[in-house]
Amino acid sequence: MDLIIKGAVSLIFTIASVALIFYGGFRINWSKMLSPGPLSYAHEKLDKKGECNACHTKGKKLDTDKCLNCHQDIKSMIQRKSGLHARVTTECARCHSEHHSRLFNMIHFDEKSFDHSMVGSPLGGKHLLLRCEVCHTEGSYLINENKCFHCHEDIHKGGMGENCHECHNQNNFKEAG
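Every residue gets a number counted from 1 within its own chain, in the order that chain's sequence is written. With pLDDT at 70 or above as the cut-off, local features in this predicted model cover only qualifying residues; side-chain atom pairs require 80 or more to be listed or tallied, and sums for whole chains, interfaces and linings still use all residues. The basis for the side-chain values is all heavy atoms of the structure; hydrogens and waters are excluded.

Engineer: In this structure, what is going on with the overall build of the protein chain? I would like to understand it.
Structural biologist: Looking only at helices and strands, the protein chain has 5 helices and 0 strands in total. The helix count covers DSSP runs of H or I at least four residues long, the strand count covers runs of E at least two residues long, and both are numbered beginning at the N terminus. N-terminal to C-terminal, the α/β element order of the protein chain is α-α-α-α-α. For the protein chain, buried positions account for 12% of its 177 residues. What makes two residues a contact is simply this: any of their non-hydrogen atoms within 4.5 Å. Of the contacts formed within the protein chain by residues at least 6 apart in sequence, a portion of 48% connects residues at least 24 apart. Here, Shrake-Rupley sampling with a 1.4 Å probe gives the accessible areas, and only protein chains in the shown set may cover a residue. For the protein chain, the exposed area adds up to about 14,300 Å²; of that, 59% sits on carbon and sulfur atoms. Only protein chains enter the calculation, and the probe is 1.4 Å; a residue is then buried if its accessible area is under 20% of its type maximum, exposed if over 50%, and partly exposed in between.

Engineer: For this particular structure, what's the right way to read unusual backbone geometry?
Structural biologist: One can expect most non-glycine residues to show negative phi and most peptide bonds to be in trans. Positive phi is not limited to glycine here, since His99 has a value of about 65 degrees. Relative to the helices and strands, His99 is located in the loop between α4 (72-79) and α5 (132-135). For His99, a relative accessible area of 22% translates into the label partly exposed. Located in the positive-phi region is Lys157, a residue other than glycine, with phi close to 55 degrees.

Don't take any of this as a statement about function, it's just geometry.
So, in structure tokens, the structure goes:
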């Protein structure tokens, strides 16, 4: 009989312990336990208990539409068919994966070998001598508009249109062909 009582007490103790764990007795953060790792600094604010659905749809890895809901500048460029992202047909996470650490850099490509024709604006002539930061200001590789007048004065005051390349080349903007 003692064995039955000891078994029952042990079973009750086990059930009570499990109940405490599942019902917050030990305040376990289950989302942290199930997370594949911390998000980068760029998405740190989403790395909270229960915020997984901000990027993920239940039962799926990542929802690209949710990425674009936050990244309106990229969504706008895709809609205008402008820039690199307008030419990419894969999911965001294919190039910008997360859960690697706070220090992980989600934007990674080689500036020296980057092919600018991929974004619809091939570099040539004197533009090849420029550092990326000259055009890509504010710490971003995104440029909302790619027009000559961002850097060059429009001495024609709009009278010749915006297709400068019809008369000018990238070697010498001042001389017209």
